[in-house]
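Take a look at the letters that make up each chain.
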Amino acid sequence: MALQLGDTAPDFTQESTDGPIHFHDWAGDNWVILFSHPADFTPVCTTELGEVSRLKPEFERRNTKAIGLSVDPLEDHTRWVGDIEETQGCGLNFPLLADADRSVSEAYGMIHPNASGTNTVRSVFIIDPAKKVRLTITYPPSTGRNFAEILRVLDSLQLTDSHKVATPVNWQDGDDVIIVPSIDNEKAKELFPNGWDEKKPYLRVTKQPNK
């Protein structure tokens with residue numbers, strides 16, 4: 001059965017470009033973005049790994065670690081690193097799992113037989129500090145991921161974990177948010193002293209509380 005939101009992210013030990021990774025220990029108290037790519041020495045994957053490396057300061061600002069995966073052997077990963085730096089202008093600065101035995105890929109449902117019987121698809125998992133799966137996205141092999149969207153969801157998750165709000169369509173950090181319907185108006189007055197715009201009893205728009 002595929003991993004679902006709220007499930008505990010499977011623990012594992014696997015080789016990587018940074019040495020053996022004991023996943024739950026490595027993750028610690030951080031958020032994690034775990035993502036798979038179909039194969040080393042492929043064009044779309046090369047651009048993605050360069051982008052994640054460039055975004056490392058943004059991940060760190062959000063208490064988040066990134067970790068990639070393919071089923072290629074560690075030797076291929078090591079040779080590919082030079083190409084990533086040469087073509088993307090940024091060297092790999094996060095671990096890349098060498099899941100040659102497919103143990104991690106199978107635990108996370110990253111291999112979709114009707115897409116490819118051997119290679120992983122472009123899976124993304126956001127995992128919180130409690131090791132719970134909070135987001136899953138699957139992209140086809142021909143489509144590079146939008147990491148700005150992944151950061152946007154990460155911002156939303158961290159905000160809504162801390163405040164009784166939800167984020168509306170196309171929300172960006174700093175935009176107005178929605179008071180969750182489970183909070184009545186009396187409690188909302190305590191939590192949101194600057195008030196809100198009540199468009200409907202279930203749709204109360206307020207300023208982002210941590211800004």
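Residues numbered from 1 in each chain as written. Predicted model: local features only at pLDDT ≥ 70, side-chain atom pairs only at ≥ 80, totals over all residues. Heavy atoms only, no water.

As annotated in an unreviewed UniProt entry, the protein carries the name Peroxidase and comes from Salinicola socius.

Q: Just give me the short version of the overall build of the protein, but keep the residues and values in it.
A: The number of helices and strands found in the protein is seven helices and 11 strands. Along the first, second and third principal axes, the C-alpha set of the protein runs to 60 × 40 × 30 Å. In the protein, buried positions account for 45% of the 211 residues. A sequence separation of at least 24 residues applies to 66% of the contacts in the protein between residues at least 6 apart. Taking the average location of the 21 positive side-chain charges in the protein and that of its 32 negative ones, the two points are 8 Å from each other. (Helix = DSSP H or I, 4+ residues; strand = E, 2+ residues; numbered from the N terminus. Buried < 20%, exposed > 50% of the residue type's maximum accessible area, 1.4 Å probe, protein only. Contact = heavy atoms within 4.5 Å. Lys, Arg positive; Asp, Glu negative; His and termini not counted. Charge placed at Lys NZ, Arg CZ, Asp CG, Glu CD.)

Q: So what about the nonpolar core? Which residues, and what values?
A: The biggest cluster of nonpolar side chains holds 24 residues, and the ones touching the most others in it are Ile 33, Phe 35, Leu 49 and Ile 126. Broken down by element, this core gets its largest block of residues, six residues, from helix 6 (residues 147-162). Here Leu 49 is in contact with Phe 35, His 37, Trp 80, Ile 84, Leu 92, Phe 94 and Leu 96, once residues within four sequence places are set aside. Counting residues in each nonpolar core, the second largest holds 18 residues, with Phe 12, Val 32, Met 110 and Val 133 among its members. (Core = buried A, V, L, I, M, F, W, Y, C linked by side-chain atoms within 4.5 Å.)

Q: Pulling in residues and values, what's your account of the side chain of Asp 40?
A: With respect to the helices and strands, Asp 40 occurs in the loop between strand 3 (31-36) and helix 2 (43-54). We note that Asp 40 is buried and unpaired, the nearest opposite charge coming from Arg 79 at a distance of 7.3 Å. A distance of 3.2 Å separates the side chain of Asp 40 from the side chain of His 37, its partner in a polar contact. In contact with Asp 40, not counting residues within four places along its chain, are Ser 70, Asp 72, Pro 73, Asp 76, His 77 and Trp 80. (Salt bridge = Lys/Arg side-chain N within 4 Å of Asp/Glu carboxyl O. Polar contact = N/O pair within 3.5 Å; in protein donor to acceptor, adjacent residues only side chain to side chain.)

Q: Any chance you could break down the sheet that holds strand 10 (residues 197-200) for me, citing the residues and the numbers?
A: Taken together, the four strands give an open sheet; going across it, the order is 8-9-11-10, and neighbouring strands pair in antiparallel fashion. Each having just a single partner strand, strand 8 (165-166) and strand 10 make up the two edges of the open sheet. Relative to strand 11 (residues 203-206), strand 9 (residues 177-179) is paired through two bridges, and the arrangement is antiparallel. Along strand 11, the bridge assignment pairs Ile 178 with Val 205. (Pairing = 2+ DSSP bridges.)

Q: Can you lay out the environment of Asp 18 for me, pointing to particular residues and giving the numbers?
A: In this fold, Asp 18 is placed in the loop between strand 1 (13-14) and strand 2 (21-22). Taking the C-alpha atoms as reference, Asp 18 lies 7.7 Å from Phe 94; in sequence the two are 76 residues apart. Once residues lying within four places of it in the same chain are set aside, the contact partners of Asp 18 are Phe 94 and Pro 95.

Q: Run through helix 2, naming residues and quoting values.
A: In an α-helix, one full turn covers 3.6 residues, which means residues spaced three or four apart are oriented alike. An ideal rise of 1.5 Å per residue puts 16 Å on 12 residues; helix 2 measures up with 17 Å between its terminal C-alpha atoms. What helix 2 keeps buried is the set Cys 45, Thr 46, Glu 48, Leu 49, Gly 50, Val 52 and Ser 53. (Expected span 1.5 Å × (residues − 1).)

Q: Quick one: what's the story with the domain arrangement of the protein, residue by residue and with numbers?
A: For the protein, the assigned domains are domain 1 (7-144) and domain 2 (163-206). Just the C-alpha atoms count here: the centres of domain 1 and domain 2 sit 35 Å apart. (Domains from an automatic or database assignment.)

Q: Can you break down the packing of aromatic side chains residue by residue, with the values?
A: The final tally for this structure, using the stated rule, is seven aromatic pairs. When the ring of Phe 12 is compared with that of Tyr 108, the centres are 6.2 Å apart and the planes differ by 80 degrees; the resulting orientation is edge-to-face. Here Phe 12, found in the segment before strand 1, pairs with Tyr 108, found in the loop between helix 5 (103-107) and strand 6 (122-127); they are 96 residues apart in sequence, far enough to count as distant. As far as burial versus exposure is concerned, Phe 12 and Tyr 108 are alike and both buried. Taken together, a centroid distance of 5.9 Å and an interplanar angle of 50 degrees make the contact between Phe 35 and Phe 94 tilted. Within this pair, whereas Phe 35 is found in strand 3, its partner Phe 94 is found in the loop between helix 4 (74-88) and strand 5 (96-98), the two being separated by 59 residues in sequence. (Phe/Tyr/Trp six-rings, centres within 6.5 Å; stacked < 30°, edge-to-face > 60°.)

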